[in-house]
Amino acid sequence: MLSMIKKWFWYNWVVFALRTIWLGIIVIADIMYPAMIAVPFGVIILIAFLVYAIPLIVQYRKENWYLAVEVVMTGFFYLYVAYVAPQLIWSFVLLVMIIGVASSRRTYMWTGISSGIIFPALNGLIANHPPYEFMFSCSFGFAMGMAFSILIESHKQARIIQEQKQLLEQHIKQIEELTLIEERNRLSHELHDTIGHSLTSLLVGVESLRSSVPDSQIERVDTLVSIAQGSLNDIRKHFNQLSDARLNKSLSEALLELTEEFMKSTGVTVNFRVIGSETLVMQKMSFCLHRCLQESLTNAVRHGQASVISVDLYFESQQLRLQIEDNGNGTESIQFGLGLKGIKERLEQHQGMLSVHSQPGQGTVVICNVPLQVEPGLGSIRLLIVDDQVMIADSLQQILSQQDNFIVVGTASDGQEALEQCERHQPDIVLMDVHMQGMNGLEAFLQMKQHWPNMKVVVMTTFEDSVQAATALEHGAEGYMLKSTRPKEMMEAMKLIYSGGTWLDQSIATRVFEEMKRQREQLEKYSPNDPYGLTKREREILQLLSDGLRYKSIATKLYLSEGTIRNYCSTLYSKLGVSNREEAIELARTESIL
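From a predicted model like this one, the values you see are computed outputs, not experimental measurements.

1. What to know about the overall build of the protein
The secondary structure content of the protein amounts to 21 helices and 11 strands. The burial tally for the protein puts 49% of its 594 residues in the buried class.

Have a look at this one:
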C-alpha cells in the first residue's frame, strides 16, 4: 500500500481528499446530530469506514475489481442510509464523483447508470422523497468526475510524452557521443596502421643500415632519423588529441556513468553493481556492452514502463556477463526489433550471445554473454619477434642478430603463429606488437603467460598508451616499448629484462604509474563477496531444486507460474555458468552456495 501511495500524483491526492472529506461528514453528523440517525452510535461510522477502506485495499490488491467493488459498496451503503438517516443521502454525490473519476470509456455506461440513476432513484423511494432531485445531482456529480478523469488522462498523456521525449533526447545524445568516440578511435587506428607504421618502418630500416653506411654519411643518417622521429612525435600528439578521456575508463566506470546519466534524465531508479574481480577489457568490447546497456535501458522504460532496473556486471573466469533486469510490464513473446537485433549482432561480432526472458507482469531480463578477452602488456638471449609488418620484423631481426649475446630464433606475423613459435623454440624474450591481424598481441600475451609463466614478454607498439601499458604490466609483462626506440636503448632494455628487471619507455612512465594506481583504486571498490550474485529468490529456487522438486512443484510452492520459474532457472543457470539443473545442484554443493 505504501509503495502505491509513493507513486501518487496531485490528482490521486485530490480524490483521496474528497473521499476523506466524505468520511469526515458522516463521522461529524453521527457525533453532532445523533437524533437524525436511527441506529446506535458508531454503527453507521463503522460501516462508513468499511466503505471508505475496502475499495482502497481492493484497488491496491486487485485493481481490475476496484470499480465494481466501489459501485456496489457505495450503492448498498446509501440504500441503508436512506433507511436509517435520510438527511445524509446528499453526501452520496461525493462518492459518485469519485466513481466518475475512476470510470473509463469501457465502463462509464454501467457505472453512470448505476450511480447516477438506479441507486439515486432507489434511495429516493426508500427515503420517501422524490428521486428526481437525487438523480439530477448524482448525474451532475458523475459528469464532473468524468470531466476530471479526462483532465487526468490529458495530464498523464502529457507526462508520458515528456518522459518519452527526455528518454529519446538522452538516447540520441549518447548515440552521438559514442559514435564520435568510435570515429575518433577509428581515426587513431588509421594513423597507427598507416602513417605510424610507415614512419616506424622507415626509422627501423634506416637504423638497420647504419652499420653498412660509411662514416662520412653517418651525419646524414642521423638527420634522416631525426626528421622521421620528429614526424612520428607529431603524429603521436594528434593521436593523443583524438583519444577521448572516456576511453581510459574501466568498463564498470563507463557503465556506471551511463546508468547515472540515465537516472538523471529519466528519473528511473537504476541499481548497478559489479560481481567478481574486475579486469579491464578491450575497447571494442567495452563499446559493445555500452551500446547493449544503453539499448536495454531505453527499451525497459520506453516499452516496459519500468520504474526500477537492476544492472549486474559479472566478471567470470572465461566470460563476461551483463544482466539487465527490470520490473516493467513484460511480454508473452519477445519481438526482436531493430534494437534487440542490433544488440545481438554486436555481441556476435565478439563471439557473444544474447538471451532475453520475459513474462507478462514479471518484467524482462536481458543477458549479454561474451568470452572474456583481456586488454593489456644472458649466454645468448634468445628472442622471438612478433609483428605483422614484415619490414619491421625483418629490420629488427637484422639489427638484433648483428649484436653479440642476441639470437633471433624466429619471427611471427600474428598471435597464433607466435604461440606456435613459442612451443617450438621456447625463447627467453618475446618482443611482440600489440595490433595485428588475427589474434592480436594482447590475447597472445595472456596465453603465453598462462602456458609459459617464466617466459618474458615485451609489449611493443607504435604509439604510447598509458591504459594499455598499465594493464600489460599488471598482467605480468616485463616491458612496454615503442617501436621507435633506438637500437642501443632497445638492446640495453633486453639485457635488463633478461636479468630480471622491468623496462618501461620513459616518455610514458609517469602516466603509467598514475594509471596503475587508478586501476587498483577502481578495482578495490568492488569486493567479490558474492561470486555469483544470486538473489534471495534464486537461492530459494536453487534450494528447492536441490531438494528434488520439479518446476511445476516449485511454482505451486512459491505461488508463481511455471513459466516464471523457468525464467528464474534460466537466469540462475546463466549466473552459475551451467546448462542444466543437475550441474547447478552439483556446483551448489561443491561451492557450498546453499
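Right, picking up where we left off after that structure.
2. Describing the confidence of the model for the protein
Averaged over every residue, the pLDDT of the protein is 78; the share at 70 or more is 78%. Scored below 50 in pLDDT, residues 373–378 shows 34 contacts in the model against residues more than four places distant or in partner chains.

3. Quick look at the packing of helix α5 (residues 92–102) against helix α6 (residues 108–126)
Running from N to C, α5 and α6 cross one another at 165°; their axes reach a closest spacing of 10 Å. When the axes of α5 and α6 are compared, the pair comes out roughly antiparallel. Where α5 crosses over α6, the handedness of that crossing is right-handed. Seen from α5, the contacting residues are F92, V96 and I99; seen from α6, they are T111, S115, F119, P120 and N123. Tallied by class, the residues present in the contact of α5 with α6 amount to 5 nonpolar, 3 polar and no charged.

4. Observations concerning the environment of L542
Looking at the element boundaries, L542 is found in helix α18 (residues 536–546). The exposure class of L542 is buried, given its relative accessible area of 0%.

5. A closer look at the sheet that holds strand β9 (residues 456–461)
Spatially, the 6 strands line up as an open sheet ordered β7-β6-β8-β9-β10-β11, and their pairing is parallel. Across the chains shown, the open sheet's two edge strands, defined by having one partner strand only, are β7 (406–412) and β11 (503–504). Taken together, the 2 bridges between strand β10 (residues 479–482) and β11 define a ladder with parallel strand orientation. Bridge assignment links G479 to a residue of β11, and that residue is W503. In this fold helix α16 (residues 487–498) packs onto β6 (381–386), β7, β8 (429–433), β9, β10 and β11, with an angle of close to 130° to the strand it touches most, β8.

6. A word on the nonpolar core
The tendency in soluble globular proteins is for nonpolar side chains to be buried side by side. Counting residues in each nonpolar core, the largest one holds 43 residues, and the members touching the most others are W22, I44, F77, Y78, V81, A85 and L88. When residues of this core are traced back to their parent elements, those giving at least two are α2 (10–32), α3 (43–61), α4 (66–84), α5 and α7 (131–209). Once residues within four sequence positions are removed from consideration, I44 is found in contact with I26, D30, I37, V39, F77, V81, V84 and A85. Listed in part, the 32 residues of the second largest apolar core include L255, F262, L322 and L347.

7. Some details on the pattern of salt bridges
Taken as a whole and judged by the stated rule, the model has 4 salt bridges. Taking the shortest distance from any N to any O, the salt bridge between R19 and E70 comes out at 2.8 Å. Residue R19 is located in helix α2, and its partner E70 is located in helix α4; the two are separated by 51 residues in the primary sequence. Here R19 matches E70 in class, with each residue buried. With a shortest N-O distance of 2.8 Å, D312 and R273 are connected by a salt bridge.

8. Re a nonpolar patch on the surface
Together, Y83, Y108, M109, I113, I117, I118, L122, L125 and I126 give the surface a local cluster of nonpolar side chains, amounting to about 880 Å² of exposed area. Among the elements that make up the nonpolar patch, the one with the highest residue count is α6 (8 residues). Counting through the fold element by element, Y108 comes out in helix α6.

9. Comments concerning the sheet that holds strand β3 (residues 319–326)
Read across the open sheet, the 5 strands follow the order β1-β2-β3-β5-β4; overall the sheet is mixed. The two strands at the open ends of the sheet, each matched to only one other strand, are β1 (269–275) and β4 (353–359). When the angles between neighbouring strand axes are averaged without regard to direction, this sheet yields 10°. Of the strand pairs in this sheet, β1 and strand β2 (residues 308–315) are connected by 7 bridges, and their pairing is parallel. Within the sheet, the bridge partner assigned to V270 lies in β2 and is I309.

Cut-offs used in this document
Residues numbered from 1 in each chain as written. Predicted model: local features only at pLDDT ≥ 70, side-chain atom pairs only at ≥ 80, totals over all residues. Heavy atoms only, no water. Helix = DSSP H or I, 4+ residues; strand = E, 2+ residues; numbered from the N terminus. Buried < 20%, exposed > 50% of the residue type's maximum accessible area, 1.4 Å probe, protein only. pLDDT = per-residue confidence, 0-100. Contact = heavy atoms within 4.5 Å. Axes fitted to C-alpha atoms, helices over the stretch in contact; angles between N-to-C directions. Parallel < 35°, antiparallel > 145°, perpendicular 65-115°, else oblique. Left-handed = near helix turned anticlockwise from the far one by under 90°. Nonpolar A, V, L, I, M, F, W, Y, C, P; charged D, E, K, R; others polar. Pairing = 2+ DSSP bridges. Core = buried A, V, L, I, M, F, W, Y, C linked by side-chain atoms within 4.5 Å. Salt bridge = Lys/Arg side-chain N within 4 Å of Asp/Glu carboxyl O. Patch = residues over 30% accessible without salt bridge, like charges linked within 9 Å, V, L, I, M, F, W, Y side chains within 5 Å. Areas by Shrake-Rupley, 256 points an atom, 1.4 Å probe, with all protein chains shown as cover.

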